[in-house]
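Residues per chain, in single letters:
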Amino acid sequence: MSAETVLIEILGSHGRVQTRERVPLTAEQRTFTIGRSVAADVTLDDAHAAALHATVEITPDGKILATDLGSVNGIVIAGKRHQQAQGLELPDGTLQIGRTHLKIRTTHENLAAEKPHALQPSSLLGDPAWIAGAGALACGMQLAYSSWLGAPRDLAIVVVTTLISGVLATGAWVAFWAMLTRVMQGEWRWLRHAAIFLGIAAIFVAIEALLELGWFVFSLPQWSTRTAWLGAIAFACALYLHLMHASNLTARRAALIACILPALSGGVGHWLQARNQMRDVNHIAASLRIYPPSLRLRAAGTTEDYFHSTAALRDAVDKARKAIRADDDDEDESADDE
């Protein structure tokens, strides 16, 4: 059998390659040693590694077997520590000795396909820069439209102020997740977190607009908590994606956190908002969006019908008020007789 070369990669705390070392193998000698001593074939700068800590054997069919050489700390495979272990297979080629993580690569390794340097037109939707740009444009248009619907006197000033506030809030949110990613993963990933936040926000704006348009077209009664529910779902989706790209949490734990936090924050926020609206006598729960009446599938009522219904409502209220007064007078007369 011809000679073979094994590549040993020393990984950092974030799983990135720090150093590489090649170890030649022959048909007669298919094992090599790892330890802190210069006598080891692969020397580690790790005080928690023994002089000769472990041996690694590469079988002819490509299996990687690790053996502990009686060290104090043993060897760690797939997160489990083994001491005095003999011939344990490394399924993914990773091994921890002391506090050093190693990746063992052989000629039998299956490599992923080469990534294209330039983005293809079909992959633009997966590019974080395109997603962030499209989301920023959609959110900016929505903020400007909302400011215009308010019909302020100084429209330009309000629009610019609103956009600046939105940019600052987005920058603070993205910076927080980028910093967390830098600490946990060793990368900033600015564009990825910007794409997550702005993409989810744009989807939320689009769905909210479609639902409100549908409510208007079909003349449905208003659902007061619709925006709160949609906001909680959007927040949960964004939080899940942020956690998956910024931390080492499993998908299950990230999903659990993404469900609990929006539920708590959304519930408390909705309760506080409802209390404030009840105390505010000037609050009017009305939609600000403007749609042409021709979009309605069911014709709106006439002004005569509206005034007739209000008159009927007034008469009903007057009757109820008179009935209450009559009951109060009867109670007063009964009290005087006694």
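The structure we're discussing is the one just above.
All of these numbers come straight from a predicted model, not from anything done at the bench.

Rules behind the numbers
Residues numbered from 1 in each chain as written. Predicted model: local features only at pLDDT ≥ 70, side-chain atom pairs only at ≥ 80, totals over all residues. Heavy atoms only, no water. Core = buried A, V, L, I, M, F, W, Y, C linked by side-chain atoms within 4.5 Å. Buried < 20%, exposed > 50% of the residue type's maximum accessible area, 1.4 Å probe, protein only. Contact = heavy atoms within 4.5 Å. Helix = DSSP H or I, 4+ residues; strand = E, 2+ residues; numbered from the N terminus. Pairing = 2+ DSSP bridges. Salt bridge = Lys/Arg side-chain N within 4 Å of Asp/Glu carboxyl O. Patch = residues over 30% accessible without salt bridge, like charges linked within 9 Å, V, L, I, M, F, W, Y side chains within 5 Å. Areas by Shrake-Rupley, 256 points an atom, 1.4 Å probe, with all protein chains shown as cover. Axes fitted to C-alpha atoms, helices over the stretch in contact; angles between N-to-C directions. Parallel < 35°, antiparallel > 145°, perpendicular 65-115°, else oblique. Left-handed = near helix turned anticlockwise from the far one by under 90°. Phe/Tyr/Trp six-rings, centres within 6.5 Å; stacked < 30°, edge-to-face > 60°. Lys NZ or Arg CZ within 6 Å of the ring centre and 35° of its normal.

## What to know about the nonpolar core
Point 1. Core analysis: the largest hydrophobic core is formed by 23 residues, its most contacted members being Phe-32, Ile-34, Leu-95 and Ile-97.
Point 2. Not counting chain neighbours up to four residues away, the residues in contact with Phe-32 comprise Val-6, Ile-8, Val-23, Leu-25, Asp-41, Val-42, Ala-54, Thr-55, Val-56 and Ile-58.
Point 3. One finds Trp-177, Leu-239, Ala-254 and Ala-258 within the second-largest nonpolar core, a separate group that totals six residues.

## A word on the pairing of strand 6 (residues 64–68)
Point 1. In terms of burial, strand 6 is largely enclosed, as five of its five residues are buried.
Point 2. Side-chain alternation along strand 6 places Ile-64, Ala-66 and Asp-68 on one buried face and Leu-65 and Thr-67 on a second face that is also buried.
Point 3. In terms of strand pairing, strand 5 (residues 54–58) meets strand 6 through five bridges, oriented antiparallel. Each bridged residue has a counterpart across the sheet, and for Ile-58 the counterpart in strand 6 is Ile-64.
Point 4. Counted along the chain from strand 5 to the antiparallel partner strand 6, the turn is five residues long, and its residue Gly-62 has a positive phi close to 100 degrees.
Point 5. Strand direction decides the pairing type here: strand 6 and strand 9 (residues 88–89), joined by two bridges, are antiparallel. The residue of strand 9 that forms the bridge with Ala-66 is Leu-88.

## Quick look at the pattern of salt bridges
Point 1. Counted according to the given criterion, the structure contains eight salt bridges.
Point 2. Note that Arg-105 is salt-bridged to Glu-109, the shortest N-O span being 2.8 Å.
Point 3. Given the relative accessible area of 22%, Arg-105 is considered partly exposed.
Point 4. Residues joined in a network through salt bridges with shared partners are Glu-9, Arg-20, Arg-105 and Glu-109.

## What about a nonpolar patch on the surface?
Point 1. On the surface, a nonpolar cluster with roughly 490 Å² of combined accessible area is contributed by Met-179, Val-183, Met-184, Trp-188 and Trp-190.
Point 2. With three residues, helix 2 (residues 155–185) is the single largest residue contributor to the nonpolar patch.
Point 3. Here Trp-188 is to be found in the loop between helix 2 and helix 3 (190–217).

## Here we look at the packing of helix 3 against helix 4 (residues 226–246)
Point 1. Packing of helix 3 against helix 4 brings their axes to within 10 Å, and their N-to-C directions diverge by 160 degrees. Relative to helix 4, the element helix 3 lies roughly antiparallel. The hand of the helix 3/helix 4 crossing is right-handed. Along the contact surface, helix 3 presents Arg-192, His-193, Ile-196, Phe-197, Ile-200, Phe-204, Ile-207, Glu-208, Leu-211, Glu-212 and Trp-215, while helix 4 presents Arg-226, Thr-227, Leu-230, Gly-231, Ala-234, Cys-237, Ala-238, Leu-241, His-242, His-245 and Ala-246.

## A closer look at the sheet that holds strand 5
Point 1. Spatial ordering of the open sheet is given by 4-3-5-6-9, a layout of five strands whose pairing is mixed. The open sheet terminates on both sides in strands that have one partner only, identified here as strand 4 (42–43) and strand 9.

## Regarding the packing of aromatic side chains
Point 1. Under the counting rule described, the total for this entry stands at five aromatic pairs.
Point 2. Each residue in the set Trp-173, Phe-176, Trp-177, Phe-197 and Phe-235 is aromatic and connected to the rest through ring pairs, giving one cluster.
Point 3. The ring centre of Trp-215 lies 5.0 Å from the NZ or CZ of Arg-226, which sits over that ring.

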